[in-house]
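Listed below are the residues making up each chain.
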Amino acid sequence: MTDVSASTAAGAEVTPVGDGERVVSLGGGWENDDGGGQRPEGDAGRGVVTAFGQTMKTLRVREGMEREEFGRQLGYSAATIASFEQGRRIPSPRTIERADEVLRASGLLCLWKEEVERAQYPVFFQGMAALEKEAIELLSYSALVFNGLVQTEEYMRALLAMRRPPLDQETIEQRVTARLTRQDIFDRRPAPLLSFVIDEAVLRHRYGGKDVLRGQLEHLLLIGQKRNVEIQVMPLDCEDNAGVNGPFTVVTRKDGKKFVYAETHATSTLETDPEQTVLAAARYGIIRSQALSPRESLEFIEGLLGSL
């Protein structure tokens, strides 16, 4: 993987990424918008998805299988299969695996998984999506909404439904699929170390209604039981908070290199300057020390659940 994650993003001010350099991209952000719209992002992405679709169609025709039958075995309508084959929609990695099995492709379609998955993100986010897959440690501080890695599907849909201007349903479905795909990080072996510090206000916002929040809090409790995951709450009555500048994520790669991702309205920043990434990691350590301990945090979340 290269360190370039934002080159050629439309309307973005871009600096090539290297040691001591920074990328600033104008776009939809990370936690709030995975960018996986109804169509692949950029000409390269469209080319990959179109080529994959043509390959899948060729294999389907070779098997003498109509779209309706193929769709039934994959759990999709014939119209959706047509969208996959014409490169208008992007199948999930699990769908690609199932298609490979149904069409007896012997792994040919699975070879496309990584490239097809990357195509669902805009250029400025592709680097971060790849970093999540390579991370040995990921530290996330959330002050507005839950990090996409811990969101339930219902919570995702609630957030996406609130977007203005409104998103069409196909775009919402694509973005939900993209965000759920990222959550494979919890099942990876060897397991990365994952830490999430969440402001209490995030835990109390009833986006989508009480039932959606209840499901989200229950999901947090389950994730918090994993041995490689720590969830901490920054209480509202805390008098000190080193995270007052806003949410950010620190990712450490296998080679030890750290990256810091932060976003504000319509702007996302991927920081690779060693000095800044070390300072961000240190700041996160201070935030963790100021928040409730993991055990106290899970008890706090259980208390919130009981009050709903």
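Before any of the text, the structure's been laid out above.
Predicted model, so just to flag it, every value in this text is computed and none were measured.

**Student:** Now, about the pattern of salt bridges: what can you tell me, with residues and values included?
**Tutor:** Two side chains that carry opposite charge are able to pair once their charged atoms sit near each other. Counted under the stated rule, the structure contains 18 salt bridges. Between Glu117 and Lys133 there is a salt bridge, with its nearest N and O atoms 3.2 Å apart. Placement of Glu117 in helix α5 (residues 113-119) and of Lys133 in helix α6 (residues 123-134) is noted, with a sequence separation of 16 residues between them. Glu173 is paired through a salt bridge with Arg157; the nearest N and O atoms lie 2.7 Å apart. Of this pair, Glu173 sits in helix α8 (residues 169-182) while Arg157 sits in helix α7 (residues 153-161), and the two are 16 residues apart along the sequence. Under the relative-accessibility criterion, Arg157 is labelled partly exposed at 27%. Taken together, the shared-partner salt bridges connect Arg60, Arg67 and Glu85 into one network.

**Student:** Describe in detail the nonpolar core, supporting the description with residues and values.
**Tutor:** Core analysis: the largest hydrophobic core is formed by 34 residues, its most contacted members being Phe186, Phe196, Leu203 and Leu220. Among the elements that take part in this core, helix α10 (residues 210-223) stands out by supplying 6 residues, more than any other. In contact with Leu203, other than residues within four places in its own chain, are Phe146, Ile198, Leu213, Leu217, Leu220, Val233, Phe300, Ile301 and Leu304. One finds Val49, Phe70, Leu103 and Ala105 within the second-largest nonpolar core, a separate group that totals 19 residues.

**Student:** An account of the pairing of strand β2 (residues 135-142) is needed here, citing residue identities and associated values.
**Tutor:** With 6 of 8 residues buried, β2 lies mostly within the body of the structure. Here 6 bridges tie β2 to strand β5 (residues 248-253), and the two strands are oriented antiparallel to one another. Bridging across to β5, Glu137 finds its partner in Thr252.

**Student:** Describe the packing of helix α2 (residues 67-74) against helix α4 (residues 93-102), naming the residues involved and giving the relevant values.
**Tutor:** Packing of α2 against α4 brings their axes to within 10 Å, and their N-to-C directions diverge by 125°. It follows that α2 is oblique to α4 by the angle criterion. In this structure, the crossing between α2 and α4 has a hand that is right-handed. In this structure, α2 uses Phe70, Gln73 and Leu74 to contact α4, whose residues at the interface are Thr95, Arg98, Ala99 and Val102. Counted by class, the contact of α2 with α4 contains 4 nonpolar, 2 polar and 1 charged residues.

**Student:** Account for the side chain of Gln151, naming residues and giving values.
**Tutor:** Mapped onto the fold, Gln151 is located in the loop between β2 and α7. Owing to a relative accessible area of 0%, Gln151 belongs among the buried residues under this scheme. Within the structure, the side chain of Gln151 is placed 2.7 Å from the backbone oxygen of Phe146, a separation counted as a polar contact.

**Student:** Please set out unusual backbone geometry residue by residue, giving values where relevant.
**Tutor:** What you tend to see is this: most non-glycine residues have negative phi, and most peptide bonds are trans. For the bond running from Arg164 to Pro165, omega is 5°, close enough to zero to count as cis. If you trace the backbone, Pro165 turns up in the loop between α7 and α8. Note the cis peptide between Arg189 and Pro190, where omega equals 0°. For Pro190, the location among the structural elements is in the loop between α8 and β3 (193-199). With a phi close to 50°, Arg104 is a non-glycine residue in the positive phi region. Along the chain, Arg104 falls in the loop between α4 and α5. The class of Arg104 is exposed, set by a relative accessible area of 59%. Unlike most non-glycine residues, Ser106 shows phi in positive territory, near 55°. Here Ser106 is to be found in the loop between α4 and α5.

Definitions and cut-offs
Residues numbered from 1 in each chain as written. Predicted model: local features only at pLDDT ≥ 70, side-chain atom pairs only at ≥ 80, totals over all residues. Heavy atoms only, no water. Salt bridge = Lys/Arg side-chain N within 4 Å of Asp/Glu carboxyl O. Helix = DSSP H or I, 4+ residues; strand = E, 2+ residues; numbered from the N terminus. Buried < 20%, exposed > 50% of the residue type's maximum accessible area, 1.4 Å probe, protein only. Core = buried A, V, L, I, M, F, W, Y, C linked by side-chain atoms within 4.5 Å. Contact = heavy atoms within 4.5 Å. Pairing = 2+ DSSP bridges. Axes fitted to C-alpha atoms, helices over the stretch in contact; angles between N-to-C directions. Parallel < 35°, antiparallel > 145°, perpendicular 65-115°, else oblique. Left-handed = near helix turned anticlockwise from the far one by under 90°. Nonpolar A, V, L, I, M, F, W, Y, C, P; charged D, E, K, R; others polar. Polar contact = N/O pair within 3.5 Å; in protein donor to acceptor, adjacent residues only side chain to side chain.

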